[in-house]
There are 6 protein chains.
Amino acid sequence: MRVRGAGLIASSAVTALKIAAQKSPAEDPGSFMRDLSDAARVLLETRPTAVSLPNGIRYVMHRVNRAKANATSGADLKLVASKAADEFVELTRTAVERIGEIGAKRIRDGVVVLTHCNSTAAISVMTTAWRQGKKFEVYATETRPRFQGRLTARVLARLGIPVTLILDDAVRYFMQDVDMVLVGADAITANGALVNKVGTSMVALAAHEVHVNVNVAAESYKFSPETMIGELVEIEERDPSEIISAKALSQIGRRVKVRNPSFDLTPPEFVDAIITERGIIPPLGAMLILQEVFGVLTPEELTEYQTYKLSEA
Amino acid sequence: MRVRGAGLIASSAVTALKIAAQKSPAEDPGSFMRDLSDAARVLLETRPTAVSLPNGIRYVMHRVNRAKANATSGADLKLVASKAADEFVELTRTAVERIGEIGAKRIRDGVVVLTHCNSTAAISVMTTAWRQGKKFEVYATETRPRFQGRLTARVLARLGIPVTLILDDAVRYFMQDVDMVLVGADAITANGALVNKVGTSMVALAAHEVHVNVNVAAESYKFSPETMIGELVEIEERDPSEIISAKALSQIGRRVKVRNPSFDLTPPEFVDAIITERGIIPPLGAMLILQEVFGVLTPEELTEYQTYKLSEA
Amino acid sequence: MRVRGAGLIASSAVTALKIAAQKSPAEDPGSFMRDLSDAARVLLETRPTAVSLPNGIRYVMHRVNRAKANATSGADLKLVASKAADEFVELTRTAVERIGEIGAKRIRDGVVVLTHCNSTAAISVMTTAWRQGKKFEVYATETRPRFQGRLTARVLARLGIPVTLILDDAVRYFMQDVDMVLVGADAITANGALVNKVGTSMVALAAHEVHVNVNVAAESYKFSPETMIGELVEIEERDPSEIISAKALSQIGRRVKVRNPSFDLTPPEFVDAIITERGIIPPLGAMLILQEVFGVLTPEELTEYQTYKLSEA
Amino acid sequence: MRVRGAGLIASSAVTALKIAAQKSPAEDPGSFMRDLSDAARVLLETRPTAVSLPNGIRYVMHRVNRAKANATSGADLKLVASKAADEFVELTRTAVERIGEIGAKRIRDGVVVLTHCNSTAAISVMTTAWRQGKKFEVYATETRPRFQGRLTARVLARLGIPVTLILDDAVRYFMQDVDMVLVGADAITANGALVNKVGTSMVALAAHEVHVNVNVAAESYKFSPETMIGELVEIEERDPSEIISAKALSQIGRRVKVRNPSFDLTPPEFVDAIITERGIIPPLGAMLILQEVFGVLTPEELTEYQTYKLSEA
Amino acid sequence: MRVRGAGLIASSAVTALKIAAQKSPAEDPGSFMRDLSDAARVLLETRPTAVSLPNGIRYVMHRVNRAKANATSGADLKLVASKAADEFVELTRTAVERIGEIGAKRIRDGVVVLTHCNSTAAISVMTTAWRQGKKFEVYATETRPRFQGRLTARVLARLGIPVTLILDDAVRYFMQDVDMVLVGADAITANGALVNKVGTSMVALAAHEVHVNVNVAAESYKFSPETMIGELVEIEERDPSEIISAKALSQIGRRVKVRNPSFDLTPPEFVDAIITERGIIPPLGAMLILQEVFGVLTPEELTEYQTYKLSEA
Amino acid sequence: MRVRGAGLIASSAVTALKIAAQKSPAEDPGSFMRDLSDAARVLLETRPTAVSLPNGIRYVMHRVNRAKANATSGADLKLVASKAADEFVELTRTAVERIGEIGAKRIRDGVVVLTHCNSTAAISVMTTAWRQGKKFEVYATETRPRFQGRLTARVLARLGIPVTLILDDAVRYFMQDVDMVLVGADAITANGALVNKVGTSMVALAAHEVHVNVNVAAESYKFSPETMIGELVEIEERDPSEIISAKALSQIGRRVKVRNPSFDLTPPEFVDAIITERGIIPPLGAMLILQEVFGVLTPEELTEYQTYKLSEA
């Protein structure tokens, strides 16, 4: 399984951090820490667009920070940094596949699954279930404005999964035929709220209205530890031209404003289960996942590595 | 104010019925009734796509039926038919303007109105309020697949009303800034449910979630009397090509099905007020409007004139 | 179609009232009114167990009362009484069949209907739909303590309708497979609340939870006009022996109390449609039905004929 | 306090596992592990009908697995296995009593408690509170089809607790008089959902409707760790003859199907508190209990010991 | 029973209108209409603070308007005006007592009633029930800022009704002990929304949360017909000094703003029943009451008499 | 930042405990434990009115208890007690400031914050945000009966924050203008319920109705560990004279009872976030905070230190 999207971004950054660690000539722990911190800062200055990059750096830095007290040389910490980086890269390499295996158990034979946008993790769940011989059907929204739902439809249809493409607007119309919703995540906050492709919260609301289960497939590095200290995930608004061409807009009138947020926030009460590579949790288990993966981070660690702005690749 | 859409369809049919009545050579009431019924049947066989057409015919026929008992000649009934037809045509001519006047009172200064699709009656409310000097702002959804929201944006922007065009998927994202929802209606059932452009029920659900008022602008001939006797409004599914071109679809895969319903049904509990030309009613006042406009129809009258299938013009 | 249950009770009483009217030797209107009122009182003193009996008497008396002012002889009123009685008897004779026709339109092909207890009117809806060629399936609760659900199952199964018998306790378990609930009524209050076999409100609650439509089949003489003036429908508690034999109870312990209410009250917000012989109404249309059938009753008329206590036949 | 039901099943199996451990002649850790695993497998092949049995085995095996790395002989592991088995048996012996003590604090003087079915742990809460001198009243449902509610009524009544036996169908009717619901559990999932006697979810729904607290008494070995990795608890459907005798069924008609699920699933939002022997938790604390009792299980440990099917004893 | 408050205001104005009618020297209908309209206008220019005054005038004028077509002299219309005025005055005189009789039937023995503010009609319901021998208890909120709840407490306590005075803030705390809420109305809109003393909507919300019935005692002249055509009831904000003395405010700081709305709006879904002198209706029956009392008013009649601003006496 | 209220109470008691520890002449661990326990008992016998005092003692005693096993002398334990006491005092000294920093991130520019009563922690959040240059507005309820809202208004207004003082009854009226609710806590239970100034639960209910976020600022020593084992927080009812003077009450009537509870309980589903000095948690994270701060307490530790009764200072 290829590493894609948020996982790839993070694992590349963490590999870069590992290389920086290995290249550091520092002999004492203090100098090494400075070198490593500098590298981390440079990586964060790339203005990351996914929560996974700062999470990767946080993963490594937290382990090095903890080891600092007992380290007697830069080499000691170099070892810790390398090992942590390798662990994280391995995590990104296997998480999606593992999510597929765990999540597939949630798909019963004969159900109708509704999905929105194009999520590697969610697709992994569906393809794994299909390969296990389960029979089910998928409704995929077209997902305006960039029609990522068509990609989802294509991937699933190639395996032979019956797919129906529908308008985003028709989700509630078809909800009575749907047995479960399955979407991916761009980020998960500490209280279990879901940040994902705009429209996801409407899909979840429509599902919640009739008690259709909403399942989110999310690697643990999608969880956003800095929300623990009150930071709000910043949401990008993208170019109007994704929605309407400049020409068409000029015909409507120059005064018409266009707003194009990429994501929206689904409150935890609309989410039934989050499928991670560590197991299935209710949204309010997000804090536990954060603790398990990142340990108990200090306020400084939480604050230092959070400078990203969610954006679509 | 020009008669458009559903009003025009109905008033044309009623005018045709009037002409048929006037041309009838029948001297006795019975023969006249047969001529008129034949004309009505032919008009219904055009396979109407709006509830207004059978409603117009029902309006005239009900009055003629009631007059039958005391009529002594075909001429008596001819007069009744002509008068009823004229009344109905006048109704279609003035309803939208009247709705504008009544509905404008619901728009307070400084509010944000969200609208979906392109409704003459809803636009009449907004333009009337604007001309009265009220200042407000409008969020218009683009309304996939045919982008009627752009038409709405254009009409409003020309008057100087500040309009923001948004994705259908972004309705819940922006709902926290919205003070009222205002949409039109393709049909209203006897229990106050709203049949309108697909996606309307999601807009209403998202508004209902945070107690934002949902207002529906609907001429009385949009109310569907036959739902009193259990008929369900039949909803058209339109061609896939509206959603995705044949070529793009073939790239996704031949097996992918596309479903494209034009309308959806918003339950009465998500609607706060229906603005008709007879006043503002709660959805559960739909039965009263039906009685006032059409009188108490017999089961036969309800059944006979109901053969339409809701479709977009 | 045989007249059964509440309809039969009412039509018998109204027939008795008609006979009393015809036998009255009174020549002036005043004497006639006294005779008729005496007869009405005697009929009510039978301690009726259904709302239909006082409704029948109310139907006749209201029409006689209205005619009193212009009557010049007992014979005038006798005619009015006879005609009203005949109308009412005819109503009871045809209501259930008419409800079957109207309600059958609500049953779509392929649906699963859940029903509770044994209602002639609800069964009429299902059998009519089946005879029209519609294919559907029925879940029937066993309906403790008297297992009336078995009767329902037998009637439907004889026609070939696929029936599944389930525990009352399993209603929510199966609700995800159900498309509509259909039950009868023992009484409907002025604000549209439903009084029916105990457990009905739990079925409706479980349906409401997932937006499954709840349909009630109810003849217009099941509507309870006296609730307009604040009267509450009195609900019978039946003998413990229906629930547990005296012997079994004594084994549990003498101190264990048993309570066995026959009916419960389903609030109007859990009911989507009431199917009457006059059309389908939302629960809040109950007042309209009351006005149409009984006219605007005076407070005295409302108060005078209300002495019944709901009980199972 | 006698160990009963799920606790007894589990403690017997764990005792058997301990005996197998002690009888193992293996001298090296590897051979011992094979012996112990074989014994575990045999015990699971009894097709257990409660979550407690695999939980007991999981409890022991997890501790042995952890000790494996540092073990130098089979005897080392034998000791670990014995100690873990003893701990678990002690847990089953004391859990119900401890739940009684903790839960009794939730019962205020003068309240009305409603219970469904027959749960040792729930009864322990009530009898403990009663023995502490608290005065309260209990509504016990009869609990179709096997009338376990009568057992509950008998046990409570013998202590002098005032008990009222009611129909399952009458729960919502009486809910306005009820101050708290208290039931047991057959299993608790990782996200805090409750699997219990069919009808429990309707009781909880009716309580939730009017904000009556729903309390669940559940020993920690009722929690189902494998639901962490997406497994769904499999629910048995029992023989139709529990609901209706073959003879009665044949009278209704051979085509009538009978379905008889034993349990249903109550979503966590309908549960206010779970009373365990380790304290009272909200449903979403289920994951914490699982971690505290079983430790962080590996995916293999979760998968290996899950082959049971919930069934009534 | 003394006419008080809104009833008194209206009946005084209507009496004045009657006197003006009788004093009019006009001989032809047209001149009479002008005189009467002038008088009506003057009465409305007193800037009425209750919906009852314009309602009274509307009641009379509507009947005179209808009679105009067939009137041949001013005297004809004078008679109509006098009769209508007398009817309306009689209505105000008896409405509260009649509401007491009807509403008393809703109070069961042994219940706890919670009330807010000081409503003549609501008090009439409670005192009537008490005089009928029913035993019940009342929780009265103190009702900031003017402590009208103390008046309510005094009136009820004098009759011997057990009253508990509580903070407005404590309503939800005590709601678990409450069986029904009973309040009055300053106005009722066409869709059944209630305009009443500020805080009423919070009381209703807290009651609705636990399905405690909310009953509103409202004379028919409290219903606001002009809301049918979209008018919104204007709500007064009163002087800050009612909340905080100028001195205390100056100690807090000059920049602190104080806002003091007198009323709030309770949506119809939080109201279970409106007790009028014509019977008990669900909130969505408001339109029926309006039609019964005022007839079908023309848009002009609705618009002309609506210039009031709700205010506390 | 001055230590106030609950923090001051607790830190004083813990300081007293530390002094007692230091003064203990005990040489062996057992004697020391007896001395320390005696001191703890005396402190608890002051009948504390806040959860913070027993929490402080529990904090120290838990650490001493854990150290007991390995202690060889009283001096060993004395050291542990002193260190734990110092930690706890430091915690109370810095918690409010830290909550201010963390919570300030939740306040966006331009929002309207509604607050109830007077909470040091909530005020710390608002003043910190204001000092960071954020612009926002505050609605403060007057908070009957003791008008603590005026204190809040004064503190905020002095910093230049725009404050509007409103009636407690007007909260729902203004809620449509509010972006977030922010209140303090008197106690937080193990399942995340909030015990705070009476009326808080109504504010939270009104906010929840329209999905306005409810934020609670609460130091970790406000969390109530004994609720883990089923204890209910006992709520004080204060003197009637706070609500109404004896004289005014005598005018109303001697029989009128007055009830004056100080606090109410807001269920966790109405709370969106709890801002602690350790980060922001959802209400259901309360158990995690308890574990982090106090460790896993034994049932004895939970039971021993719980004898307080919530009361206002």
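Basis of the calculations
- Residues numbered from 1 in each chain as written.
- Chains lettered and ligands numbered in written order.
- Predicted model: local features only at pLDDT ≥ 70, side-chain atom pairs only at ≥ 80, totals over all residues.
- Heavy atoms only, no water.
- Axes fitted to C-alpha atoms, helices over the stretch in contact; angles between N-to-C directions.
- Helix = DSSP H or I, 4+ residues; strand = E, 2+ residues; numbered from the N terminus.
- Parallel < 35°, antiparallel > 145°, perpendicular 65-115°, else oblique.
- Left-handed = near helix turned anticlockwise from the far one by under 90°.
- Contact = heavy atoms within 4.5 Å.
- Nonpolar A, V, L, I, M, F, W, Y, C, P; charged D, E, K, R; others polar.
- Pairing = 2+ DSSP bridges.
- Least-squares fit on C-alpha atoms with pLDDT ≥ 70 in both.
- Buried area = accessible area lost by both parts, 1.4 Å probe.
- Salt bridge = Lys/Arg side-chain N within 4 Å of Asp/Glu carboxyl O.
- Phe/Tyr/Trp six-rings, centres within 6.5 Å; stacked < 30°, edge-to-face > 60°.
- Buried < 20%, exposed > 50% of the residue type's maximum accessible area, 1.4 Å probe, protein only.
- Lys NZ or Arg CZ within 6 Å of the ring centre and 35° of its normal.
- Domains from an automatic or database assignment.
- Polar contact = N/O pair within 3.5 Å; in protein donor to acceptor, adjacent residues only side chain to side chain.
- 1 Å grid on protein atoms, 1.4 Å probe; cavity = no way out; pocket = protein on both sides within 12 Å on 5 of 7 lines; lining within 4 Å.
- Points joined across faces, edges and corners; volume = space filled by probe spheres on them.
- pLDDT = per-residue confidence, 0-100.
- Expected span 1.5 Å × (residues − 1).
- Arc of directions from axis to C-beta.

Residues and elements named next belong to chain F. Where helix H1 (residues 5–23) contacts helix H2 (residues 29–44), the axes come no closer than 9 Å and their chain directions differ by 150°. Relative to H2, the element H1 lies roughly antiparallel. Two packed elements cross with a definite hand, and for H1 against H2 that hand is right-handed. Residues Ala13, Ala16, Leu17, Ala20 and Ala21 of H1 pack against Phe32, Leu36, Ala39, Ala40 and Leu43 of H2. When grouped by side-chain class, the residues that make up the contact of H1 with H2 number 10 nonpolar, no polar and no charged.

What follows deals with the sheet that holds strand E1 (residues 112–115) of chain F. Strand pairing within a sheet occurs via backbone hydrogen bonds; the two strands may be parallel or antiparallel. Across the sheet, which stays open at both edges, the eight strands sit in the order E8(E)-E3(F)-E2(F)-E1(F)-E4(F)-E7(F)-E10(F)-E11(F) with mixed pairing between neighbours. Here the strands that pair on one side only, and so sit at the sheet edges, are strand E8 (257–258) of chain E together with strand E11 (279–281) of chain F. For strand E10 (residues 273–276) of chain F and E11 of chain F, the ladder comprises three bridges, and the chain directions are antiparallel. Residue pairing for E11 of chain F: isoleucine 274 of chain F is matched across the bridge by isoleucine 281 of chain F. Lying on the sheet, helix H5 (residues 120–131) of chain F is in contact with E1, strand E2 (137–141), strand E4 (180–183) and strand E7 (213–217) of chain F; it crosses E4 of chain F at an angle near 130°.

A rotation about some axis, followed by a shift along it, carries one copy of the chain onto the other. Superposition of chain B onto chain A requires a rotation of 180° combined with a translation of 0.0 Å along the rotation axis, giving an RMSD of 0.1 Å. Expressed as an axis order, the relation between the two copies is that of a two-fold axis. Both copies contact each other with a shared surface, as 100% of the interface residues of chain B are interface residues in chain A too.

With that out of the way, let us pick up the interface of chain F and chain D. Counting from both sides, the interface comprises 15 residues of chain F and, opposite them, 16 residues of chain D. Here chain F and chain D share an interface that buries about 1,300 Å² over both sides, 62% of which is from carbon and sulfur atoms. Counting every contact that joins chain F to chain D gives zero salt bridges. Secondary-structure elements contributing two or more residues to the side of chain F that touches chain D are helix H10 (286–294) and helix H11 (299–304) of chain F. Take the side of chain F that touches chain D: its biggest share by element is three residues, from H10 of chain F.

What follows covers the packing of helix H1 (residues 5–23) of chain E against helix H4 (residues 74–104) of chain E. Residue and element names in this part refer to chain E. H4 packs onto H1 with a crossing angle of 165° between their chain directions and a minimal axis gap of 9 Å. In terms of orientation, H1 lies roughly antiparallel with respect to H4. Both H1 and H4 take part in a crossing whose hand is left-handed. Here Gly7, Ala10, Ser11, Val14, Thr15, Lys18, Ala21 and Gln22 of H1 come into contact with H4, specifically with Lys78, Ala81, Ser82, Ala85, Asp86, Phe88, Val89 and Thr92. Of the residues that constitute the contact of H1 with H4, the class distribution is seven nonpolar, six polar and three charged.

All names here are of chain D. Its location among the elements puts methionine 180 in strand E4 (residues 180–183). For methionine 180 and valine 113, which are 67 residues apart along the polypeptide, the C-alpha to C-alpha distance reads 5.0 Å. Look past the residues within four positions of methionine 180 in its chain and what remains in contact with it is Arg106, Ile107, Val112, Val113, Leu114, Val212, Asn213 and Asn215.

Another aspect to go through is the packing of aromatic side chains. Working definition: an aromatic ring pair is given by the centre-to-centre distance plus the angle between the planes. Following the criterion strictly, the structure yields 30 aromatic pairs over all chains and no others. Taken together, a centroid distance of 5.4 Å and an interplanar angle of 55° make the contact between tyrosine 59 of chain F and phenylalanine 88 of chain F tilted. With tyrosine 59 of chain F in helix H3 (residues 52–68) and phenylalanine 88 of chain F in helix H4 (residues 74–104), the pair connects residues that are 29 residues apart, well separated along the chain. Just as tyrosine 59 of chain F is buried, phenylalanine 88 of chain F falls in that class too. Within the aromatic cluster, the residues linked to one another by ring pairs are Tyr59, Phe88 and Tyr221 of chain A. The ring of phenylalanine 147 of chain D carries arginine 150 of chain D above its face, with NZ or CZ at 4.0 Å from the centroid. In this structure, lysine 135 of chain F packs its charged tip against the face of tryptophan 130 of chain F, placed 4.3 Å from the ring centre.

Further remarks concern the domain arrangement of chain A. Residue and element names in this part refer to chain A. Per the domain assignment, the segments of chain A are domain 1 (6–97 + 298–312) and domain 2 (99–239 + 248–294). Placing a centre on the C-alpha atoms of domain 1 and another on those of domain 2 gives a separation of 29 Å. Surface buried jointly by domain 1 and domain 2 totals about 2,400 Å² across both partners, of which 58% is contributed by carbon and sulfur atoms. Seen at the junction of domain 1 and domain 2, the total is one salt bridge. The salt bridge involving arginine 58 is made with glutamate 226; its shortest N-O contact spans 3.4 Å. Linking domain 1 with domain 2 are 11 residue pairs in polar contact (both at pLDDT 80 or more), by the criterion used here. When contributions to the side of domain 1 that touches domain 2 are tallied by element, the ones reaching two or more residues are helix H1 (5–23), helix H3 (52–68), helix H4 (74–104) and helix H11 (299–304).

What follows covers the relation of the copies chain F and chain D. Overlay of chain F on chain D (RMSD 0.1 Å): rotation 120°, translation along the axis 0.0 Å. What the rotation and shift describe, once combined, is the action of a three-fold rotation axis. If distances are taken from each C-alpha of chain F to the rotation axis, the shortest is found for leucine 284 of chain F, at 4.0 Å. The share of interface residues of chain F whose copies in chain D are also at the interface is only 13%, consistent with the copies meeting through different surfaces.

It is worth spelling out the arrangement of the chains at this point. At the C-alpha level, the nearest point of chain B lies 18 Å from chain D, with no contact between them. Contact between chain A and chain E is absent, and the minimum C-alpha spacing across the pair is 18 Å.

Moving on: the interface of chain B and chain A. Taken residue by residue, the interface counts 52 residues in chain B and 52 residues in chain A. For the chain B and chain A pair, buried surface summed over both sides reaches about 4,300 Å², with 62% attributable to carbon and sulfur atoms. Interface area lost by chain B to chain A is led by Asp169, Arg172 and Met202 of chain B, which between them contribute 17%. Where chain B packs against chain A, one counts two salt bridges. Here arginine 144 of chain A ties to glutamate 142 of chain B by a salt bridge, and the two come within 2.5 Å at their closest N and O atoms.

Let us look at the pattern of salt bridges. Enumeration over the complete set of coordinates arrives at 84 salt bridges over all chains. A salt bridge links glutamate 87 of chain E to arginine 63 of chain E; the nearest nitrogen and oxygen atoms lie 4.0 Å apart. Of the two residues, glutamate 87 of chain E sits in helix H4 while arginine 63 of chain E sits in helix H3 (residues 52–68), which places them 24 residues apart along the sequence. Beyond isolated ion pairs, a larger network of salt bridges with shared partners links Arg146, Glu236, Arg238 and Glu242 of chain A.

Spatially, eight strands are ordered E11(C)-E10(C)-E7(C)-E4(C)-E1(C)-E2(C)-E3(C)-E8(D) in an open sheet, and the strand pairing comes out mixed. With one partner strand each, in any of the chains shown, strand E11 (279–281) of chain C together with strand E8 (257–258) of chain D form the two edges of the open sheet. Two strands pair when backbone bridges link them, and strand E7 (residues 213–217) of chain C and strand E10 (residues 273–276) of chain C are joined in this way by three bridges, in the parallel orientation. Bridging from a neighbouring strand, valine 216 of chain C pairs with isoleucine 274 of chain C of E10 of chain C. On the sheet, helix H8 (residues 200–209) of chain C packs against strand E1 (112–115), strand E4 (180–183) and E7 of chain C and is oriented at approximately 160° with respect to E4 of chain C.

Now for empty space enclosed by the protein. All told, the structure shown has eight cavities of 30 Å³ or more when counted by the stated rule. Within this model, the largest cavity holds a volume of roughly 110 Å³. Along its surface, the largest cavity is lined by 13 residues, and Leu284 and Leu288 of chain A, Leu284 of chain D together with Leu284 and Leu288 of chain F are the ones closest to its centre. Every element with two or more residues in the lining of the largest cavity is listed here: helix H10 (286–294) of chain A, helix H10 (286–294) of chain D together with H10 of chain F. Across the lining of the largest cavity, the residue classes tally to 10 nonpolar, three polar and no charged. Volume-wise, the second largest cavity comes out at about 90 Å³. Along the walls of the second largest cavity sit Leu284, Gly285, Met287 and Leu288 of chain B, Leu284, Gly285, Met287 and Leu288 of chain C together with Leu284, Gly285, Met287 and Leu288 of chain E, which together make up its complete lining.

Below, the discussion takes up unusual backbone geometry. Each neighbour pair has its own omega, and for arginine 144 of chain B with proline 145 of chain B the value is 0°, a cis peptide bond. You will see that threonine 143 of chain A, though not glycine, has its phi angle at about 65°, which is positive. Non-glycine residue cysteine 117 of chain F carries a positive phi angle of around 65°. With respect to the element layout, cysteine 117 of chain F can be found in the loop between E1 and H5.

Let us look at the confidence of the model for chain A. Of all residues in chain A, 93% attain a pLDDT of 70 or more, and the chain-wide mean is 90. For this predicted complex, the interface score ipTM comes out at 0.91, while the overall pTM is 0.84.

To continue, consider helix H1 (residues 5–23) of chain B. All names here are of chain B. With 19 residues, H1 extends 27 Å from end C-alpha to end C-alpha; this agrees with the ideal 27 Å at 1.5 Å per step. Among all positions of H1, only Ala6, Gly7, Ala10, Ser11, Ala13, Val14, Leu17 and Ala21 are buried. All buried residues of H1 fall inside an arc of 160° around its axis, so they share one side. For H1, the secondary structure elements touched by its buried residues are helix H2 (29–44), helix H3 (52–68) and helix H4 (74–104).

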